[in-house]
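Structural characterization, general
Chain by chain, the residues:
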Amino acid sequence: MHKKYAERWAPWVLLLAVILLWQVICSAFEVSEFIFPSPWAIGRQLAEFSGIIAAHAWRTYWVTMAGFGIAIVVGVLLGFLIGSSRLAYAAFYPLMTAFNALPKAAFVPILVVWFGIGAGPAILTAFLISFFPIMVNIATGLATLEPELEDVLRVLGARRWDVLIKVGLPRSMPYFYGSLKVAITLAFVGTTVSEMTAANEGIGYLLVSAGSSMQMGLAFAGLIVVGAMAMVMYELFSAIEKRTTGWARRGSQGE
């Protein structure tokens, strides 16, 4: 019980220590706010521009979730297709890996030409950067199904489809939730990057505007808001994972 309590509070204690150290360094060395603002200066900017930041944050949030939703659908479908067949795995996986190596920021100018300035490029950038982890984890979960287990099920009369649906997909759920926790953070990165060059709203646009006017405190406040939104979504998926895949956590009951 004491270990669980310590693990629960450890991130907050570390965060508080980092903030205090950050503030002490900025105060002791009199670092200019135009170069590296202190937590106190960032907090002031966050309070002063709370309405503006909230409006931009909401835009970034719903755009990110739209792209992330598309990424879940496409990632699961492609992952199921690739993982259910050795031929499909051999054919698609190298191509998908090569595609994932391409810098997604390079797609933004192309998306602007196709869809114009606005939410379209940001949604698609969030999708492009976040669907790959979902696809890979679903495919891995299905492709690594134990041959002995599949043979037993086949002897009992199960078809390939039955094995995939009734055994393969449930077995892939821990992989799936793990991919969601990674992909949601990438989705926020993709949205923010796109908004910096192809939008007139959102946290990315706010970062560019704050940087051009030398309001570093406001820029850091925007970054903190993006990080906070990503952390909340990460913890949400983590909580859902614990409730729905408790069977996959062998040592969790004894801790």
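Rules used in this analysis
Residues numbered from 1 in each chain as written. Predicted model: local features only at pLDDT ≥ 70, side-chain atom pairs only at ≥ 80, totals over all residues. Heavy atoms only, no water. Helix = DSSP H or I, 4+ residues; strand = E, 2+ residues; numbered from the N terminus. Buried < 20%, exposed > 50% of the residue type's maximum accessible area, 1.4 Å probe, protein only. Salt bridge = Lys/Arg side-chain N within 4 Å of Asp/Glu carboxyl O. UniProt positions renumbered as here; feature names shortened; annotations may be inferred. pLDDT = per-residue confidence, 0-100. Phe/Tyr/Trp six-rings, centres within 6.5 Å; stacked < 30°, edge-to-face > 60°. Lys NZ or Arg CZ within 6 Å of the ring centre and 35° of its normal. Core = buried A, V, L, I, M, F, W, Y, C linked by side-chain atoms within 4.5 Å. Contact = heavy atoms within 4.5 Å. Patch = residues over 30% accessible without salt bridge, like charges linked within 9 Å, V, L, I, M, F, W, Y side chains within 5 Å. Areas by Shrake-Rupley, 256 points an atom, 1.4 Å probe, with all protein chains shown as cover.

**Overview of unusual backbone geometry**
We note that glutamate 30 has phi near 50°; this positive angle belongs to a residue other than glycine. With respect to the helices and strands, glutamate 30 occurs in the loop between helix 1 (2-28) and helix 2 (39-48). Classification of glutamate 30 as exposed rests on a relative accessible area of 70%. A positive phi angle is found at methionine 214, which is not glycine, with a value near 60°. Here methionine 214 shows up in the loop between helix 9 (203-212) and helix 10 (216-244).

**Quick notes on the pattern of salt bridges**
Counted according to the given criterion, the structure contains 3 salt bridges. Across the pair glutamate 33 and arginine 44 runs a salt bridge whose closest N-O atoms are separated by 3.2 Å. Of this pair, glutamate 33 sits in the loop between helix 1 and helix 2 while arginine 44 sits in helix 2, and the two are 11 residues apart along the sequence. A relative accessible area of 40% places glutamate 33 in the partly exposed class. We classify arginine 44 as partly exposed; its relative accessible area is 39%. The partner of arginine 59 in a salt bridge is glutamate 195, and the shortest N-O contact between them spans 3.1 Å. Residue arginine 59 is located in helix 3 (residues 50-83), and its partner glutamate 195 is located in helix 8 (residues 160-198); the two are separated by 136 residues in the primary sequence. Glutamate 195 gets classed as buried once you look at its relative accessible area, which sits at 0%.

**Considering the UniProt feature "transmembrane region" (unreviewed entry) in the protein chain**
If you check UniProt for "transmembrane region" (unreviewed entry), the listed places come out as residues 61-83, 175-194 and 214-234 in our numbering. Helix and strand shares over residues 61-83 are 100% and 0% respectively, and the end C-alpha atoms of the span are 31 Å apart. Taken end to end, residues 214-234 is 90% helix and 0% strand, and its two terminal C-alpha atoms sit 32 Å from one another.

**So, the confidence of the model for the protein chain**
Model confidence for the protein chain is summarised by a mean pLDDT of 86, while 89% of its residues fall at 70 or above. The secondary-structure element of the protein chain with the lowest mean pLDDT is helix 7 (residues 147-155), recorded at 64, while helix 3 shows the highest, at 94.

**Description of the environment of glycine 43**
Tracing the backbone shows glycine 43 in helix 2. By relative accessible area, which is 34% here, glycine 43 ends up partly exposed. A sequence separation of 178 residues divides glycine 43 from alanine 221, and the C-alpha atoms of the two residues are 7.4 Å apart.

**Thoughts on the packing of aromatic side chains**
Taken as a whole, this structure holds 10 aromatic pairs when the rule is applied. Centroid distance tryptophan 58 to tyrosine 61: 6.0 Å. Interplanar angle 25°. Geometry classified as stacked. Here tryptophan 58 pairs with tyrosine 61, and both are found in helix 3, just 3 residues apart, close to one helical turn. A residue is classified by how much of its surface remains accessible, and tryptophan 58, at 56% relative accessible area, is exposed. Seen from their ring centres, phenylalanine 68 and phenylalanine 237 are 5.7 Å apart, and the 45° between their planes marks the pair as tilted. Of the two residues, phenylalanine 68 sits in helix 3 while phenylalanine 237 sits in helix 10, which places them 169 residues apart along the sequence. Residue class for phenylalanine 68 comes out buried when judged on its relative accessible area of 2%. An aromatic cluster is present here, built from Phe99, Phe107, Phe127 and Phe131 joined pairwise through their rings. Over the face of the ring belonging to phenylalanine 99 we find lysine 104, whose NZ or CZ atom lies 5.3 Å from the ring centre.

**Side note on the nonpolar core**
In terms of nonpolar packing, the biggest core is built from 42 residues, with Ile53, Phe68, Ile134, Met135, Leu180, Phe188 and Ile203 touching the most fellow members. At 11 residues, helix 6 (residues 119-143) tops the list of elements feeding residues into this core. Leaving out residues up to four positions away in the same chain, methionine 135 has contacts with Gly75, Leu78, Gly79, Ile82 and Met96.

**Regarding a nonpolar patch on the surface**
There is a patch of nonpolar side chains on the surface, built from Leu21, Ile25, Phe29, Val31, Phe34, Ile35, Phe36 and Met214 and spanning about 830 Å² of accessible area. Positionally, phenylalanine 29 belongs in the loop between helix 1 and helix 2.

**Quick word on the side chain of serine 38**
Tracing the chain through its elements places serine 38 in the loop between helix 1 and helix 2. The exposure class of serine 38 is buried, given its relative accessible area of 11%. Those residues in contact with serine 38, other than ones at most four positions away along the chain, are Trp22, Gln23 and Cys26.

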